[in-house]
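For reference, the chains in residue letters:
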Amino acid sequence: MKRISTISGLMLLLFFFTTAALAQNVTLKGKVTDAATGESLIGVSVGIKGTANGVQTDVNGAYSISVPSNATLTFSYIGYTSQFVPVNGQTTLNVLLKGEANELKTVVVVGYGTQRKRDVTGSVASVNGDQLSKQPVQTPTQALQGKVAGVQVLSSGQPNSAPILRIRGTGSVLAGANPLYVVDGVLTDDIRNINNADIVSLDVLKDASAAIYGVRGANGVVIITTKKGKSGPAVVSYDANVGFREIASQIQLANRQQYVDYLSVASPTKIASDDKSPLTIPGTTNWADAISRKGFYTNHNVSIAGGGDKSTYFISANYYDENGVIKTNNFQRFSLRANNDVKISDKLRFSDQLSLTRGAEQGVDIGAIYGNVYRAAPIIPSIINGKYGNTSAWSNVGNPLLQLDKSNRFTLNNRVQGNVALDYNPVKWLTFHSAFNLDARFNNQKNYSYQFEADGNTFTVGGGNQRQTNSSLFVQNDNSYQYQWDNTVTFDRTYDKHHFTVLGGVVTEKARSNFINGTRIDVPANQDQWFLDLGNPDLNASNNNNGSLFTRQSYIGRINYDYASKYLLSASIRRDGSSKFSEKYATFYTIGAGWAISEESFVKGGIFDNLKLRASYGELGNDNIDPSLFIVTGLPYQPYYFNNGTLANGTIIQDIKNTNLKWETTKQLDIGLDFGFLNNRLSGEFDYYDKKVSDALTYVTLPGILGDPDNRFITNAASYRNRGVEFGLRWRDNINDHLSYNIGANISYNKNTITGLNGGQALNAGGANGQTITRTDNGQPIASYYVLNAIGVFQNAAELNGAPTNTYEANHVGGLRYQDVNGDNKIDANDRIYAGSYQPKYFGGFNFGINYYAFDISADFYGNWGNKIYNGKKNSRGTANDNIEAAYADARFTTARPSSTDPDVISQSTPPSTYFIESGAFLRLNNLTLGYTLPKALLTRVGIAKFRMFLTSQNLFTAKRYSGSSPELFNTDILSAGIDATNYPVTRTFAFGVNVQF
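From a predicted model like this one, the values you see are computed outputs, not experimental measurements.

A. Highlighting a positive patch on the surface. Residues K667, K692, R723, K751, K841, K868 and R961 make up a contiguous surface patch of positive charge. The class of R961 is exposed, set by a relative accessible area of 66%.

Below is the structure:
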């Protein structure tokens, strides 16, 4: 027995020493690179399996770690497949990481939390920040164009303009149709302060999954997450691009001869009556060219990121400077960002994100400028002998160049945005989160109009009104802030095959804004001393002050459940209280379910790498209205005569209001299918949605006897519906270690219908000459064109006989013919028809990218079809002396060249008709980029980790059918969105840039 114990002891001692020898630590070094490109990967997490110990690769992709000789290392990096590699006593270990074709593990932000993409039951689209930053645009939403199914983006060529987003159609008319933006937890309606290079991801919540935002989420939610630091050595990055923008397609107006020929019919007495006619001066003035230029822009961004075991940091600075393509139009922006994380203890973490932005804009009144560009006579020089040509003396519009030069519209914007947060984990599966979010703005605006006289100009025949006898100054200060305090608790735990994530919380919001402004006359023209006090208070002086205040109090809850990663269930509820309505509280909810079919035994191992069926339904709200819209206000102390004939003071109602206003409600059903084949090289999704809006705000006409100033008031009396399908498809593959490529496409179909409108009281919107052009009515899309049906041109006197009487303008040979729809033998408003709308039936994008050795090339296409545009420029006739479009000048009816489509003259009385309606379909090469990354061997010698240079272009070409300059119209007024009147020109960009990392 003793012998057995001795042998056992010797064996145990031998085992101990053997184990200790095997477990002896060794210093392991190596390098981690991209398997496809050979590029060093910075910040790869290198850990010891089964422990919390680890390091990160440096700027050269290198690492060094002390490990047991029998350990297993883990190599993980976002966007790459993780690897587990045994050490086996090695001292050098180089690893090649492959890009992760399977996107199911990607984390998406869904509001007050994150989820793996494979667990999401709603329709959520994600775009990587790298896809946004490579495009030469100011805002991330401009770069989003064509990349996400169901999301329509309309952008302007004007610097510092906020793009218009429509997610799954237009869902409101008076309460706003733009989505909610959430930047690092801060809720906002404006993201022009965000630097694209700072974005790590952009997630779009398209369906009812946005209901966690309750009364703010009816139009969808765009969530932006900015970069944070990582543990490891400091990484310095510099990204820059410089280039110029030009007008992509300039409208061609009539030249001198075309204009004179047109006047001989439209205004024959004009030429004969002017004995000092400018017709004697040769040449043509292209007014569009006279006020435009090529605009240079530059964009510089520098950042530093790093940290240690206890804290990480990310700091960036950006300078953006752009000259608009319209003369005198400029914009500069400087921004700073600091994102920090501090691990106070194993259970407590502090984080903050702070953004400071200062913007200076030299603006232009584009409506007034382009309104005159289209109408100004081409026979008047813009400048002659150092003097401005007096267009007002000839054609009754101001000289557009003079308008620009004699006006100074300067705005200074300052903005602070950010949050501070604490996260406490008493146990691993429980998180208490408290965050205070702030968005504060401080703006100053000065509009100065210089004094100038008519006698300093040529062509003063008939006097002319091209003068400004007094200078004027308008000054306005705007201050606003909005804060939000989130307090949530999250329970996240797995029991066998059951995984639960439960969220509950309270959200408090408050917003206040105010402005004060004033106007003075005869302020001296000294830009450094533009103060109201220097003006004359006795001449048309004015002062004004106003503002708003609203609060929200919300209670939120959400549960996500999955069983064996096969069966998914999610539900959320939000109780919202808002001071914007007399009925303070409402409840919003959503429920979703998913089935990961590819995880079933009868499918697993087959052709599907991923196959998931999902469905969601929910109710959301929209309270984006004036906070005082339901509050009745009056004008006190108004004199009234009573029955006894005495004069006494009384009070009148300033505006009749509905004191029972409530939020608009959106109910949305979504059914989707996600799929992936061939190792997920081919993946995509299909969605069907049905979005119904009820209790939408609209105008109702009131009897004049009630005394309302405009005889209408706003109430919840409309309903809309958007139904559609979305389809996205992506393919990406690595041919070998040096060649990889990707292709993607998406297409969306949407049908917008007004299903109920205040008892049939349609909403009308106009354009040129105050004429009604669009009508929002039952059974039609919002803002449908409501016009006469032009059916040709009168060719001879015989066709005039028996033609219906035209109540707008007399019938004549060469004039437009219209359909007598109601058969009463006269053409009037009762003959109008619905003729389409600006809302496209189909829209989508196509993109591809190729990486070959050190070269990369990518292209993005975007387009839509099934929509119409109303050519309001063509219909803008202020006087008979106004200019016309060159294409119309060549096509219009003349006795020598009869036309069956284009009339001889378009006058002020020519009514809106299908003649002015054209196809809005187009396909645009939105972005084309060619890049080259310098070899590592060359860069190592100078201490640079990465150096990429690239050439890029934005809006390189557009295939279109519309005769105007661009089929993409930027009009924030929903009811007149498709009327092309005075839009800022769409631009084309050419740029060169670099991405450098140290």
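Resuming the write-up.
B. How the structure looks around the sheet that holds strand β16 (residues 221-226). The mixed open sheet is built from 5 strands, whose spatial order is β10-β15-β16-β13-β14. Strands with a single pairing partner mark the edges of an open sheet, and in this sheet they are β10 (124-128) and β14 (186-188). Pairs of neighbouring strands in the sheet enclose a mean axial angle of 20°, with direction left out of account. Where strand β15 (residues 199-205) lies against β16, 6 bridges are found, and the strand directions are antiparallel. The residue of β16 that forms the bridge with S201 is T225.

C. Region of the structure containing unusual backbone geometry. For D522, which is not a glycine, the phi torsion comes out positive at approximately 65°. Mapped onto the elements of the fold, D522 is located in the loop between β27 (498-521) and β28 (542-563). Positive phi outside glycine occurs at N540, with the angle close to 50°. Along the polypeptide, N540 turns up in the loop between β27 and β28. You can call N540 exposed: its relative accessible area is 68%.

D. Layout of the packing of aromatic side chains. Per the stated rule, a full pass over the model turns up 34 aromatic pairs. Centre to centre, the rings of W429 and F491 are 5.3 Å apart; their planes meet at 70°, and the pair counts as edge-to-face. Taken together, the positions of W429 in the loop between β24 (407-427) and β25 (430-449) and F491 in strand β26 (residues 472-495) put the pair 62 residues apart, joining distant regions of the chain. Residue classification places W429 among the partly exposed positions, given a relative accessible area of 28%. Assessed through its relative accessible area of 22%, F491 is described here as partly exposed. On the numbers, 4.4 Å between centres and 15° between planes, the contact of Y448 with W530 is stacked. Here Y448 is found in strand β25, whereas its partner W530 is found in the loop between β27 and β28, with 82 residues between them in sequence. Note on Y448: relative accessible area 1%, which makes it buried. If you follow K49 out to its NZ or CZ, it ends over the ring of F84, 5.2 Å from the centre.

E. Spatial organisation of the confidence of the model for the protein. For the protein, per-residue confidence averages 87 on the pLDDT scale, and residues scoring 70 or more make up 90% of the total. Looking across the protein, the model is least confident in helix α1 (residues 2-22), with a mean pLDDT of 41, and most confident in strand β43 (residues 816-818), with 97. Confidence drops under pLDDT 50 across residues 456-463; counting only partners more than four residues distant or on other chains, this segment forms 22 contacts.

F. Examining the nonpolar core more closely. Counting 31 residues, the largest nonpolar core has Y785, Y838, Y870 and Y915 as the members making the most contacts within it. Within the residue set of this core, elements represented by two or more residues are β40 (784-787), β41 (790-793), β43, β48 (868-871) and α11 (886-891). Not counting chain neighbours up to four residues away, the residues in contact with Y838 comprise L154, Y785, N867, K868, I869, P967, E968, L969, A977 and G978. With 30 residues, the next largest nonpolar core counts V260, Y370, V373 and F452 among its residues.

G. Seen up close, the pairing of strand β5 (residues 72-76). Two elements, strand β2 (residues 45-48) and β5, share 4 bridges in a ladder whose sense is antiparallel. Bridge pairing in β5 places G47 opposite T74. Bridge analysis of β5 against strand β6 (residues 83-86) gives 4 bridges, and the strand direction is antiparallel. Paired with T72 across the bridge in β6 is P86.

Each value, and the rule that gives it
Residues numbered from 1 in each chain as written. Predicted model: local features only at pLDDT ≥ 70, side-chain atom pairs only at ≥ 80, totals over all residues. Heavy atoms only, no water. Patch = residues over 30% accessible without salt bridge, like charges linked within 9 Å, V, L, I, M, F, W, Y side chains within 5 Å. Areas by Shrake-Rupley, 256 points an atom, 1.4 Å probe, with all protein chains shown as cover. Salt bridge = Lys/Arg side-chain N within 4 Å of Asp/Glu carboxyl O. Lys, Arg positive; Asp, Glu negative; His and termini not counted. Charge placed at Lys NZ, Arg CZ, Asp CG, Glu CD. Buried < 20%, exposed > 50% of the residue type's maximum accessible area, 1.4 Å probe, protein only. Pairing = 2+ DSSP bridges. Helix = DSSP H or I, 4+ residues; strand = E, 2+ residues; numbered from the N terminus. Axes fitted to C-alpha atoms, helices over the stretch in contact; angles between N-to-C directions. Phe/Tyr/Trp six-rings, centres within 6.5 Å; stacked < 30°, edge-to-face > 60°. Lys NZ or Arg CZ within 6 Å of the ring centre and 35° of its normal. pLDDT = per-residue confidence, 0-100. Contact = heavy atoms within 4.5 Å. Core = buried A, V, L, I, M, F, W, Y, C linked by side-chain atoms within 4.5 Å.

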